[in-house]
Amino acid sequence: MKLAILGFGVVGQGLAEILANQCEKTRQQTGMAPKVVAISDFKIGSLYDPNGLDLDKVLHLAATVGSLEDYPNSATLVRGLDAMTTIVQTNADVIVEATFTDIKTGEPAITHCKTAFAAKKHVVMTNKGPIAMAYKQLSELAAENGVYLGFEGTVMSGTPALRLARTALIGNTFTEVNGILNGTTNYMLTQMEDGMSYHDALKQAQEKGYAEADPTSDVEGYDALYKIVILANTVMGEALTPDDVERVGLKTLLAAEIQTAKQQGKRWKMLGTIRRTADGMKAAVKPILLDSSHPLSSIDGATNAITYSCDLAGDITLTGAGAGKKETGYALLSDLVDCHFFMEENRKVTNQ
Ligand code: HSE
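As recorded by an unreviewed UniProt entry, the protein chain carries the name Homoserine dehydrogenase and is attributed to Shouchella clausii. Listed under Catalytic activity (unreviewed entry) in UniProt, the entry text for the protein chain is "L-homoserine + NADP(+) = L-aspartate 4-semialdehyde + NADPH + H(+)". The Sequence similarities (unreviewed entry) field of the UniProt record for the protein chain holds the comment "Belongs to the homoserine dehydrogenase family."

Below is the structure:
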């Protein structure tokens, strides 16, 4: 399995670190033997070697000088390919899409996916944009071209929120899904319960690296809203769009309301919810007051959690990290393993 990584920021490097350190363990467990042949990043540079790149050297350069310029030359090394050329012209079978996405348009990642599918290449990614904006179109295109589309890390990073619902809980109808899907706002609420101001709590969440580059997406609920749209489309089979989701930002909640709830043994949580009702799907992201008995009320700090209300299996709650370099890198690894099995299956069918 030959990989091209588009975007070599925290997520791309997180995956590369895992591959550099744990390739042998994963090969023994799954039979998957990935090799990174290309990295394309508009900031730190681009490398392509059809025989594979030395990940230890790449990671060292990224961490120390923030540029791939000093990566040693060889007869097969090509430098400077942009993302589109990397997709089309390299010998990679799988494109790891980890570029920065404009969440309003899903671009350029949507175009990267379409280009990869047309070139019969698989895609794994953690970008929310393309799945929230164009899941139906992209999943159909992937199927038409006989390639794999992986997106586990778009919701709750390495905590397998999507795979749990799509595989382990198969056969259930989800009547309701409720989740704490944004670490920044849950961290802020936890700090504000202890008396910290909204602004100090946000500043701390930014310092700890939980918040998006522009934290508006976190505090106004857009980040959780896109995750709700992804859950509705990929887990519940409902073609919900961002405009269908009611959204209320965290700022509407007063510090006094948080303290009053605390005195009553209750907690405000920024919840993403999707419900099947007689009038169709109802989805929202907003602060909701929870009793202490609610399974999501005890989730503290930047931790995420999701409860699937299943018609057969009952309520099932999963809790874990919603962000992080290693965790999001792991989400990509889990998609790569799934893609490996998909490729093996295809090979068997072709050989029959
Ligand atoms: N800013 C996001 C959060 C990161 O706080 O959860 C993961 O999408």
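From this point, the narrative continues.
1. Re the site of the ligand
Close contacts around the ligand come from Lys128, Asn182, Gly183, Thr184, Tyr210, Ala211, Glu212, Asp218, Asp223, Lys227, Gly322 and Ala323, and that covers them all. The contact in question runs from a nitrogen atom of the ligand to an N or O atom on the side chain of Glu212, over 2.7 Å. Compared with its free state, where it exposes 260 Å², the ligand has 91% of that area covered by protein. A per-class count over the shell around the ligand returns 3 nonpolar, 4 polar and 5 charged.

2. Things to note about the pattern of salt bridges
Per the counting criterion, the structure on display carries 20 salt bridges. Close ionic contact of Asp194 with Lys262 constitutes a salt bridge, the shortest N to O distance being 3.8 Å. Note that Asp194 is positioned in the loop between α7 (183-193) and α8 (198-207) and Lys262 in helix α11 (residues 255-263), a separation of 68 residues in sequence. Judged by its relative accessible area of 63%, Asp194 is exposed. Judged by relative accessible area, Lys262 falls into the partly exposed class, the value being 41%. Three or more residues are tied together by salt bridges with common partners; here these are Glu152, Arg163, Asp335 and Asp338.

3. Observations regarding the side chain of Thr99
Mapping Thr99 onto the fold places it in the loop between β5 (94-97) and α4 (109-118). Judged by relative accessible area, Thr99 falls into the buried class, the value being 17%. Contact partners of Thr99, with chain neighbours within four places excluded, come to Leu6, Gly7, Pro108, Ala109, His112 and Asn127.

4. Quick look at the packing of α7 against α11
Look at α7 against α11: their axes get within 9 Å of each other, and the N-to-C directions meet at 70 degrees. Of the possible angle classes, the one that applies to α7 and α11 is roughly perpendicular. Only Ile258, Gln259 and Lys262 of α11 make contact with α7, whose side of the interface consists of Leu189, Met192 and Glu193. Split into classes, the residues belonging to the contact of α7 with α11 amount to 3 nonpolar, 1 polar and 2 charged.

5. Examining the domain arrangement of the protein chain
Interfaces are often described in size by the accessible area the parts lose on coming together. The domain architecture assigned to the protein chain consists of domain 1 (2-158 + 326-351) and domain 2 (161-320). If you look at the interface, domain 1 gives 15 residues, while domain 2 gives 20 residues. When domain 1 packs against domain 2, the two sides together hide about 1600 Å² of surface, and 68% of this comes from carbon and sulfur. Across the contact surface, domain 1 and domain 2 share 4 salt bridges. The salt bridge partner of Asp338 is Arg163, with a shortest N-O separation of 3.6 Å. Here domain 1 is connected to domain 2 by 6 residue pairs in polar contact (both at pLDDT 80 or more). Only α5 (128-144) and α12 (325-351) provide two or more residues apiece to the side of domain 1 that touches domain 2. At 5 residues, α5 tops the list of elements feeding residues into the side of domain 1 that touches domain 2. Class assignment of the residues belonging to the side of domain 1 that touches domain 2 gives a composition of 9 nonpolar, 2 polar and 4 charged.

Each value, and the rule that gives it
Residues numbered from 1 in each chain as written. Predicted model: local features only at pLDDT ≥ 70, side-chain atom pairs only at ≥ 80, totals over all residues. Heavy atoms only, no water. UniProt positions renumbered as here; feature names shortened; annotations may be inferred. Near = heavy atom within 4 Å. Polar contact = N/O pair within 3.5 Å; in protein donor to acceptor, adjacent residues only side chain to side chain. Areas by Shrake-Rupley, 256 points an atom, 1.4 Å probe, with all protein chains shown as cover. Nonpolar A, V, L, I, M, F, W, Y, C, P; charged D, E, K, R; others polar. Salt bridge = Lys/Arg side-chain N within 4 Å of Asp/Glu carboxyl O. Helix = DSSP H or I, 4+ residues; strand = E, 2+ residues; numbered from the N terminus. Buried < 20%, exposed > 50% of the residue type's maximum accessible area, 1.4 Å probe, protein only. Contact = heavy atoms within 4.5 Å. Axes fitted to C-alpha atoms, helices over the stretch in contact; angles between N-to-C directions. Parallel < 35°, antiparallel > 145°, perpendicular 65-115°, else oblique. Domains from an automatic or database assignment. Buried area = accessible area lost by both parts, 1.4 Å probe.

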